[in-house]
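# Topology and contacts: notes
This is what each chain is made of:
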Amino acid sequence: MTRPSKSKCIGILTSGGDCPGLNAAIRGVAKAAKGAYGMDVIGILDGFTGLVENRVIHIDEREMSGLLTLGGTILGTSRNKPHKMPMPDGSTRDMTGAAAETYRRLNLDCLICIGGGGTAKNALELKKAGLNVITLPKTIDNDVAMTDMTFGFDSAMYIATEAIDRLHTTASSHHRIMLVDIMGHNAGWLALGASLAGGADVCLIPEIPCKFDSIVQALERRRQKGRRFSLVSVSEGAVYASGKSGAKNKKDEKNDKKNGKKKHQKNHRLDHVVSAELAERLTKATGIEARVTSLGHVQRGGIPTATDRLLATELGIKAAELLADGHYGVMVGLKNGKMVPVKLEDVAGKKKTVPPDHPMIETARLIGLCLGD
Ligand code: F6P
(Lines give C-alpha, C1' and ligand atoms only; values in the text may rest on other atoms or scores of the structure.)
Protein backbone atom coordinates (compact mmCIF):
# COMPACT_ATOMS: atom_id res chain seq x y z
CA MET A 1 0.00 0.00 0.00
CA THR A 2 1.45 3.41 -0.94
CA ARG A 3 0.48 6.87 0.23
CA PRO A 4 1.32 10.49 -0.54
CA SER A 5 4.39 11.35 1.51
CA LYS A 6 3.23 14.76 2.73
CA SER A 7 0.26 13.69 4.87
CA LYS A 8 0.51 11.86 8.15
CA CYS A 9 -0.52 8.23 8.05
CA ILE A 10 -1.96 6.40 11.01
CA GLY A 11 -2.82 2.79 11.70
CA ILE A 12 -5.74 1.69 13.89
CA LEU A 13 -6.18 -1.68 15.54
CA THR A 14 -8.61 -3.14 18.05
CA SER A 15 -7.28 -5.61 20.57
CA GLY A 16 -8.57 -7.74 23.46
CA GLY A 17 -12.20 -8.75 24.00
CA ASP A 18 -14.62 -6.87 21.77
CA CYS A 19 -17.34 -4.55 23.09
CA PRO A 20 -20.02 -2.20 21.79
CA GLY A 21 -18.52 1.12 20.68
CA LEU A 22 -15.35 -0.14 19.01
CA ASN A 23 -16.60 0.80 15.56
CA ALA A 24 -17.77 4.18 16.82
CA ALA A 25 -14.23 4.80 18.11
CA ILE A 26 -12.66 3.71 14.80
CA ARG A 27 -15.05 6.07 13.03
CA GLY A 28 -14.31 8.93 15.45
CA VAL A 29 -10.55 8.67 14.97
CA ALA A 30 -10.80 8.16 11.21
CA LYS A 31 -13.32 10.93 10.55
CA ALA A 32 -11.35 13.53 12.48
CA ALA A 33 -7.95 12.32 11.28
CA LYS A 34 -9.04 12.39 7.63
CA GLY A 35 -11.58 15.19 7.63
CA ALA A 36 -10.00 17.69 9.99
CA TYR A 37 -6.31 16.86 9.59
CA GLY A 38 -6.04 15.28 6.12
CA MET A 39 -4.35 12.10 7.33
CA ASP A 40 -4.39 8.67 5.74
CA VAL A 41 -5.94 5.94 7.82
CA ILE A 42 -5.07 2.28 7.65
CA GLY A 43 -6.94 -0.43 9.54
CA ILE A 44 -4.89 -3.30 10.93
CA LEU A 45 -6.76 -6.59 11.13
CA ASP A 46 -7.22 -8.85 14.15
CA GLY A 47 -5.33 -6.80 16.71
CA PHE A 48 -1.57 -7.09 17.07
CA THR A 49 -1.65 -10.30 15.00
CA GLY A 50 -2.41 -8.24 11.89
CA LEU A 51 0.44 -5.89 12.70
CA VAL A 52 2.89 -8.77 12.99
CA GLU A 53 1.52 -10.44 9.85
CA ASN A 54 1.09 -7.22 7.84
CA ARG A 55 -2.65 -7.68 7.23
CA VAL A 56 -4.24 -4.29 6.63
CA ILE A 57 -7.08 -2.44 4.89
CA HIS A 58 -7.47 1.16 3.82
CA ILE A 59 -10.14 3.06 5.74
CA ASP A 60 -12.08 5.47 3.55
CA GLU A 61 -15.58 6.96 3.52
CA ARG A 62 -17.05 3.66 2.40
CA GLU A 63 -15.60 1.70 5.35
CA MET A 64 -16.81 4.35 7.79
CA SER A 65 -20.40 4.29 6.64
CA GLY A 66 -22.80 2.79 9.20
CA LEU A 67 -20.09 2.31 11.81
CA LEU A 68 -21.55 4.42 14.61
CA THR A 69 -24.23 1.95 15.58
CA LEU A 70 -22.54 -1.28 14.61
CA GLY A 71 -21.49 -3.68 17.40
CA GLY A 72 -18.21 -5.62 17.41
CA THR A 73 -15.27 -4.36 15.38
CA ILE A 74 -14.94 -4.25 11.61
CA LEU A 75 -11.20 -4.75 12.07
CA GLY A 76 -11.49 -7.98 14.03
CA THR A 77 -9.63 -8.49 17.27
CA SER A 78 -7.44 -10.95 19.15
CA ARG A 79 -5.79 -11.22 22.52
CA ASN A 80 -2.33 -11.80 21.05
CA LYS A 81 0.64 -9.77 22.25
CA PRO A 82 3.42 -8.79 19.81
CA HIS A 83 6.07 -9.73 22.37
CA LYS A 84 4.46 -13.13 23.04
CA MET A 85 2.89 -14.30 19.78
CA PRO A 86 1.56 -17.87 19.78
CA MET A 87 3.32 -20.18 17.35
CA PRO A 88 1.73 -23.21 15.63
CA ASP A 89 3.74 -25.57 17.87
CA GLY A 90 2.18 -24.04 20.99
CA SER A 91 5.21 -21.98 21.98
CA THR A 92 5.32 -18.18 21.98
CA ARG A 93 7.84 -15.89 20.30
CA ASP A 94 8.73 -12.23 20.61
CA MET A 95 7.52 -10.74 17.32
CA THR A 96 8.01 -7.08 18.23
CA GLY A 97 10.52 -6.81 15.38
CA ALA A 98 7.94 -7.99 12.83
CA ALA A 99 5.35 -5.56 14.25
CA ALA A 100 7.84 -2.68 13.98
CA GLU A 101 8.71 -3.78 10.44
CA THR A 102 5.04 -3.54 9.35
CA TYR A 103 4.79 -0.13 11.01
CA ARG A 104 7.80 1.09 9.02
CA ARG A 105 6.72 -0.58 5.78
CA LEU A 106 3.38 1.22 6.00
CA ASN A 107 5.19 4.47 6.79
CA LEU A 108 2.99 5.01 9.82
CA ASP A 109 3.39 8.11 11.95
CA CYS A 110 1.43 6.58 14.78
CA LEU A 111 -0.50 3.47 15.75
CA ILE A 112 -3.83 3.84 17.55
CA CYS A 113 -4.48 0.81 19.75
CA ILE A 114 -8.05 0.51 20.98
CA GLY A 115 -8.24 -1.86 23.91
CA GLY A 116 -8.17 -2.43 27.65
CA GLY A 117 -5.37 -2.68 30.20
CA GLY A 118 -3.60 -5.49 28.34
CA THR A 119 -3.58 -3.43 25.15
CA ALA A 120 -2.01 -0.50 27.01
CA LYS A 121 0.74 -2.87 28.18
CA ASN A 122 1.35 -4.09 24.63
CA ALA A 123 1.35 -0.54 23.32
CA LEU A 124 3.94 0.42 25.92
CA GLU A 125 6.17 -2.42 24.70
CA LEU A 126 5.86 -1.03 21.16
CA LYS A 127 6.63 2.45 22.41
CA LYS A 128 9.81 1.07 23.99
CA ALA A 129 10.63 -0.43 20.58
CA GLY A 130 10.46 3.06 19.07
CA LEU A 131 6.88 3.20 17.70
CA ASN A 132 4.55 6.15 18.23
CA VAL A 133 1.42 4.87 19.90
CA ILE A 134 -1.82 6.20 21.37
CA THR A 135 -4.39 4.00 23.09
CA LEU A 136 -8.12 4.39 23.69
CA PRO A 137 -9.73 2.65 26.69
CA LYS A 138 -12.49 0.17 25.92
CA THR A 139 -13.89 -2.77 27.85
CA ILE A 140 -17.17 -3.83 29.36
CA ASP A 141 -15.25 -4.38 32.63
CA ASN A 142 -14.55 -0.64 33.16
CA ASP A 143 -11.30 -1.66 34.86
CA VAL A 144 -8.77 0.46 32.95
CA ALA A 145 -6.73 2.71 35.24
CA MET A 146 -6.64 6.50 34.81
CA THR A 147 -9.99 6.89 33.09
CA ASP A 148 -13.33 7.48 34.78
CA MET A 149 -15.06 5.22 32.28
CA THR A 150 -14.24 2.89 29.41
CA PHE A 151 -16.57 2.63 26.45
CA GLY A 152 -18.45 -0.66 26.19
CA PHE A 153 -19.24 -0.57 29.90
CA ASP A 154 -22.48 1.38 29.62
CA SER A 155 -23.86 -0.93 26.90
CA ALA A 156 -22.98 -4.05 28.87
CA MET A 157 -24.51 -2.57 32.01
CA TYR A 158 -27.69 -1.87 30.07
CA ILE A 159 -27.84 -5.48 28.84
CA ALA A 160 -27.16 -6.90 32.32
CA THR A 161 -29.76 -4.59 33.85
CA GLU A 162 -32.34 -5.68 31.31
CA ALA A 163 -31.53 -9.30 32.10
CA ILE A 164 -32.09 -8.66 35.81
CA ASP A 165 -35.40 -6.95 34.98
CA ARG A 166 -36.51 -9.98 33.00
CA LEU A 167 -35.34 -12.42 35.67
CA HIS A 168 -37.38 -10.49 38.23
CA THR A 169 -40.71 -11.36 36.66
CA THR A 170 -39.98 -15.05 36.29
CA ALA A 171 -38.41 -15.20 39.80
CA SER A 172 -41.50 -13.59 41.23
CA SER A 173 -43.89 -15.91 39.36
CA HIS A 174 -42.12 -19.07 40.52
CA HIS A 175 -41.07 -17.79 43.96
CA ARG A 176 -37.47 -18.65 43.20
CA ILE A 177 -33.99 -17.38 43.90
CA MET A 178 -32.44 -16.34 40.61
CA LEU A 179 -28.67 -16.15 40.41
CA VAL A 180 -27.21 -14.25 37.50
CA ASP A 181 -23.56 -14.48 36.43
CA ILE A 182 -22.20 -11.16 35.22
CA MET A 183 -18.83 -10.61 33.51
CA GLY A 184 -16.22 -8.14 34.72
CA HIS A 185 -13.00 -10.10 35.09
CA ASN A 186 -11.60 -9.09 38.49
CA ALA A 187 -13.63 -5.91 38.87
CA GLY A 188 -17.20 -5.60 40.11
CA TRP A 189 -18.25 -2.45 38.22
CA LEU A 190 -20.60 -4.21 35.85
CA ALA A 191 -22.33 -6.42 38.42
CA LEU A 192 -22.65 -3.59 40.91
CA GLY A 193 -23.96 -1.08 38.36
CA ALA A 194 -26.50 -3.52 36.92
CA SER A 195 -27.56 -4.72 40.37
CA LEU A 196 -28.26 -1.19 41.52
CA ALA A 197 -30.05 -0.30 38.31
CA GLY A 198 -31.99 -3.57 38.19
CA GLY A 199 -32.83 -3.71 41.90
CA ALA A 200 -31.08 -6.99 42.71
CA ASP A 201 -31.20 -8.14 46.34
CA VAL A 202 -27.67 -9.49 46.67
CA CYS A 203 -24.59 -8.57 44.64
CA LEU A 204 -21.28 -10.39 45.03
CA ILE A 205 -18.22 -8.61 43.67
CA PRO A 206 -14.53 -9.54 43.77
CA GLU A 207 -13.61 -6.47 45.81
CA ILE A 208 -15.82 -7.54 48.73
CA PRO A 209 -15.26 -11.17 49.71
CA CYS A 210 -18.62 -12.63 50.72
CA LYS A 211 -19.89 -14.94 53.44
CA PHE A 212 -22.46 -17.59 52.68
CA ASP A 213 -24.27 -16.89 55.96
CA SER A 214 -24.66 -13.20 55.13
CA ILE A 215 -26.32 -14.09 51.84
CA VAL A 216 -28.72 -16.49 53.56
CA GLN A 217 -29.56 -13.85 56.18
CA ALA A 218 -30.37 -11.32 53.44
CA LEU A 219 -32.70 -13.80 51.76
CA GLU A 220 -34.32 -14.67 55.09
CA ARG A 221 -34.92 -10.97 55.80
CA ARG A 222 -36.74 -10.74 52.50
CA ARG A 223 -38.83 -13.76 53.30
CA GLN A 224 -39.79 -12.22 56.66
CA LYS A 225 -41.03 -9.18 54.75
CA GLY A 226 -43.22 -11.44 52.63
CA ARG A 227 -40.97 -11.47 49.56
CA ARG A 228 -40.98 -14.96 48.11
CA PHE A 229 -38.29 -14.47 45.49
CA SER A 230 -34.81 -12.94 45.30
CA LEU A 231 -32.26 -11.84 42.74
CA VAL A 232 -28.58 -12.59 43.39
CA SER A 233 -25.97 -11.25 40.98
CA VAL A 234 -22.57 -12.91 40.96
CA SER A 235 -19.72 -11.02 39.42
CA GLU A 236 -17.02 -12.98 37.66
CA GLY A 237 -14.17 -13.12 40.14
CA ALA A 238 -16.38 -12.99 43.26
CA VAL A 239 -14.75 -14.80 46.18
CA TYR A 240 -15.68 -16.12 49.61
CA ALA A 241 -14.15 -14.41 52.60
CA SER A 242 -13.44 -17.69 54.36
CA GLY A 243 -15.29 -20.64 55.69
CA LYS A 244 -16.75 -23.29 53.47
CA SER A 245 -16.76 -23.04 49.97
CA GLY A 246 -13.50 -22.36 49.80
CA ALA A 247 -11.98 -22.65 53.01
CA LYS A 248 -8.72 -24.41 52.83
CA ASN A 249 -8.09 -27.17 55.27
CA LYS A 250 -4.61 -27.91 56.51
CA LYS A 251 -4.24 -30.83 54.08
CA ASP A 252 -5.10 -28.62 51.08
CA GLU A 253 -2.64 -25.99 52.26
CA LYS A 254 0.10 -28.58 52.59
CA ASN A 255 -0.60 -30.06 49.15
CA ASP A 256 -0.60 -26.62 47.59
CA LYS A 257 2.73 -25.84 49.19
CA LYS A 258 4.13 -29.15 47.99
CA ASN A 259 2.92 -28.45 44.45
CA GLY A 260 4.45 -24.98 44.57
CA LYS A 261 1.10 -23.19 44.08
CA LYS A 262 1.11 -19.46 44.69
CA LYS A 263 -1.28 -17.95 47.23
CA HIS A 264 -3.51 -16.24 44.66
CA GLN A 265 -3.80 -19.41 42.61
CA LYS A 266 -4.98 -21.28 45.68
CA ASN A 267 -7.50 -18.60 46.47
CA HIS A 268 -8.80 -18.53 42.94
CA ARG A 269 -9.24 -22.29 42.80
CA LEU A 270 -10.74 -22.76 46.22
CA ASP A 271 -12.53 -19.55 47.14
CA HIS A 272 -14.15 -18.56 43.87
CA VAL A 273 -17.96 -18.26 44.03
CA VAL A 274 -19.41 -20.86 41.69
CA SER A 275 -23.03 -19.93 41.03
CA ALA A 276 -24.30 -23.47 40.44
CA GLU A 277 -22.83 -24.58 43.74
CA LEU A 278 -24.08 -21.49 45.55
CA ALA A 279 -27.59 -22.06 44.15
CA GLU A 280 -27.64 -25.59 45.53
CA ARG A 281 -26.46 -24.47 48.95
CA LEU A 282 -28.97 -21.63 49.05
CA THR A 283 -31.81 -24.02 48.25
CA LYS A 284 -30.67 -26.32 51.06
CA ALA A 285 -30.37 -23.44 53.51
CA THR A 286 -33.64 -21.63 52.64
CA GLY A 287 -35.83 -24.29 51.12
CA ILE A 288 -36.37 -21.99 48.12
CA GLU A 289 -35.73 -23.32 44.64
CA ALA A 290 -32.86 -21.59 42.83
CA ARG A 291 -31.85 -21.21 39.18
CA VAL A 292 -28.73 -19.83 37.52
CA THR A 293 -28.50 -17.67 34.40
CA SER A 294 -25.12 -16.94 32.83
CA LEU A 295 -25.21 -13.85 30.63
CA GLY A 296 -21.81 -14.56 29.10
CA HIS A 297 -20.91 -12.92 25.80
CA VAL A 298 -24.43 -11.56 25.28
CA GLN A 299 -23.09 -8.70 27.39
CA ARG A 300 -20.47 -7.88 24.76
CA GLY A 301 -22.67 -8.05 21.69
CA GLY A 302 -24.95 -5.74 19.78
CA ILE A 303 -25.34 -2.02 19.34
CA PRO A 304 -23.70 0.50 21.65
CA THR A 305 -25.79 2.77 23.87
CA ALA A 306 -25.87 6.50 23.18
CA THR A 307 -23.43 7.06 26.08
CA ASP A 308 -20.92 4.61 24.60
CA ARG A 309 -21.26 6.06 21.10
CA LEU A 310 -20.58 9.51 22.45
CA LEU A 311 -17.66 8.48 24.66
CA ALA A 312 -16.05 6.40 21.90
CA THR A 313 -16.45 9.25 19.41
CA GLU A 314 -15.04 11.88 21.77
CA LEU A 315 -12.08 9.69 22.73
CA GLY A 316 -11.41 9.06 19.04
CA ILE A 317 -11.55 12.73 18.16
CA LYS A 318 -9.18 13.62 21.00
CA ALA A 319 -6.79 10.95 19.72
CA ALA A 320 -6.83 12.58 16.28
CA GLU A 321 -6.09 15.96 17.86
CA LEU A 322 -3.13 14.48 19.78
CA LEU A 323 -1.94 12.84 16.56
CA ALA A 324 -1.99 16.15 14.78
CA ASP A 325 0.07 17.67 17.61
CA GLY A 326 2.52 14.76 17.57
CA HIS A 327 1.64 13.97 21.18
CA TYR A 328 2.30 10.23 21.44
CA GLY A 329 2.90 7.55 24.07
CA VAL A 330 -0.40 8.20 25.85
CA MET A 331 -3.85 6.81 26.48
CA VAL A 332 -6.77 9.18 26.05
CA GLY A 333 -8.71 9.03 29.30
CA LEU A 334 -11.95 10.55 30.54
CA LYS A 335 -11.36 12.71 33.61
CA ASN A 336 -14.15 14.78 35.10
CA GLY A 337 -15.94 15.06 31.78
CA LYS A 338 -12.81 15.94 29.78
CA MET A 339 -10.75 13.86 27.38
CA VAL A 340 -7.15 14.00 28.60
CA PRO A 341 -3.86 12.34 27.62
CA VAL A 342 -2.38 10.05 30.29
CA LYS A 343 1.13 8.60 30.04
CA LEU A 344 1.03 4.92 29.07
CA GLU A 345 3.44 4.17 31.92
CA ASP A 346 0.71 5.29 34.34
CA VAL A 347 -1.87 2.93 32.83
CA ALA A 348 -0.04 -0.25 31.83
CA GLY A 349 -0.12 -3.04 34.39
CA LYS A 350 -2.66 -1.25 36.62
CA LYS A 351 -6.30 -2.11 37.23
CA LYS A 352 -9.16 0.07 38.39
CA THR A 353 -11.29 -1.96 40.78
CA VAL A 354 -14.25 -0.75 42.85
CA PRO A 355 -12.87 1.11 45.90
CA PRO A 356 -14.58 0.22 49.21
CA ASP A 357 -15.62 3.85 49.70
CA HIS A 358 -17.03 4.32 46.18
CA PRO A 359 -20.40 6.13 46.09
CA MET A 360 -22.00 3.07 44.45
CA ILE A 361 -21.00 0.94 47.46
CA GLU A 362 -22.51 3.52 49.76
CA THR A 363 -25.68 3.61 47.65
CA ALA A 364 -25.88 -0.18 47.79
CA ARG A 365 -25.65 -0.17 51.56
CA LEU A 366 -28.21 2.61 51.94
CA ILE A 367 -30.81 0.93 49.78
CA GLY A 368 -30.22 -2.45 51.43
CA LEU A 369 -28.51 -4.26 48.56
CA CYS A 370 -26.62 -7.04 50.34
CA LEU A 371 -22.98 -7.17 49.22
CA GLY A 372 -22.41 -10.48 50.94
CA ASP A 373 -20.12 -9.15 53.67
O1 F6P B 1 -12.60 -8.18 29.20
C2 F6P B 1 -13.89 -8.43 28.78
C3 F6P B 1 -14.31 -9.82 29.17
O4 F6P B 1 -15.60 -10.04 28.67
C5 F6P B 1 -14.25 -10.14 30.66
O6 F6P B 1 -15.36 -9.64 31.35
C7 F6P B 1 -14.15 -11.63 30.65
O8 F6P B 1 -13.43 -12.05 31.78
C9 F6P B 1 -13.37 -11.92 29.41
O10 F6P B 1 -13.46 -10.78 28.58
C11 F6P B 1 -13.86 -13.11 28.60
O12 F6P B 1 -12.96 -13.31 27.57
P13 F6P B 1 -13.18 -14.27 26.32
O14 F6P B 1 -14.16 -13.63 25.40
O15 F6P B 1 -11.81 -14.34 25.71
O16 F6P B 1 -13.67 -15.54 26.86
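Residues numbered from 1 in each chain as written. Predicted model: local features only at pLDDT ≥ 70, side-chain atom pairs only at ≥ 80, totals over all residues. Heavy atoms only, no water.

### Regarding the side chain of Thr-139
This is how the line gets drawn: Helix and strand labels come from DSSP, where a helix needs a run of H or I of at least four residues and a strand needs a run of E of at least two; each type is numbered from the N terminus. Here a polar contact is recorded for every N or O atom pair within 3.5 Å, except that within protein the pair must consist of a potential hydrogen donor and a potential acceptor, and residues adjacent in sequence are included only if both atoms are side-chain atoms. Between two residues, a contact is recorded if the distance between any of their heavy atoms is within 4.5 Å.
Structurally, Thr-139 is set in the loop between strand 7 (133-137) and helix 6 (153-174). Side-chain polar atoms of Thr-139 contact the backbone nitrogen of Asp-141, separated by 2.8 Å. Filtering out sequence-adjacent residues up to four positions away, Thr-139 remains in contact with Cys-19, Val-144, Thr-150, Phe-151, Gly-152 and Phe-153.

### Thoughts on the packing of aromatic side chains
Put simply, the rule reads: Each aromatic pair joins two rings of Phe, Tyr and Trp (for Trp, the six-membered one) with centres within 6.5 Å, and gets the label stacked for planes under 30 degrees apart, edge-to-face for over 60, and tilted for any other angle. Charge-over-ring placement is defined geometrically: NZ (Lys) or CZ (Arg) within 6 Å of the ring centre, and within 35 degrees of the ring normal.
Applying the stated criterion across every chain, the model contains 0 aromatic pairs. Sitting above the plane of the Phe-229 ring, Arg-222 keeps its charged end 5.1 Å from the centroid. Sitting over the face of the ring of Trp-189, Lys-352 holds its NZ or CZ atom 5.3 Å from the ring centroid.

### Regarding the pairing of strand 7
The side chains of a regular strand alternate, first on one face of the sheet and then on the other. The condition that has to hold: Throughout, exposure labels follow a simple rule: accessible area from a 1.4 Å probe, protein chains only, divided by the maximum for the residue type, with under 20% read as buried, over 50% as exposed, and the rest as partly exposed. If DSSP finds at least two bridges between two strands, the strands pair. A clockwise path from the first strand over the helix to the second, with the strands pointing away from the viewer, defines a right-handed crossover.
Most of strand 7 is tucked away, with 5 of its 5 residues classed as buried. Alternating positions in strand 7 separate into two faces, Val-133, Thr-135 and Pro-137 on one and Ile-134 and Leu-136 on the other, with burial throughout. Bridge count for strand 6 (residues 110-115) against strand 7 is 5 bridges, and the pairing is parallel. Of the residues in strand 7, the one forming a bridge with Ile-114 is Leu-136. The β-α-β motif built from strand 6, the intervening helix 5 (residues 117-128) and the parallel element strand 7 has right-handed crossover chirality. Taken together, the 2 bridges between strand 7 and strand 12 (residues 330-335) define a ladder with parallel strand orientation. In the strand pairing of strand 12, Ile-134 is matched with Val-330.

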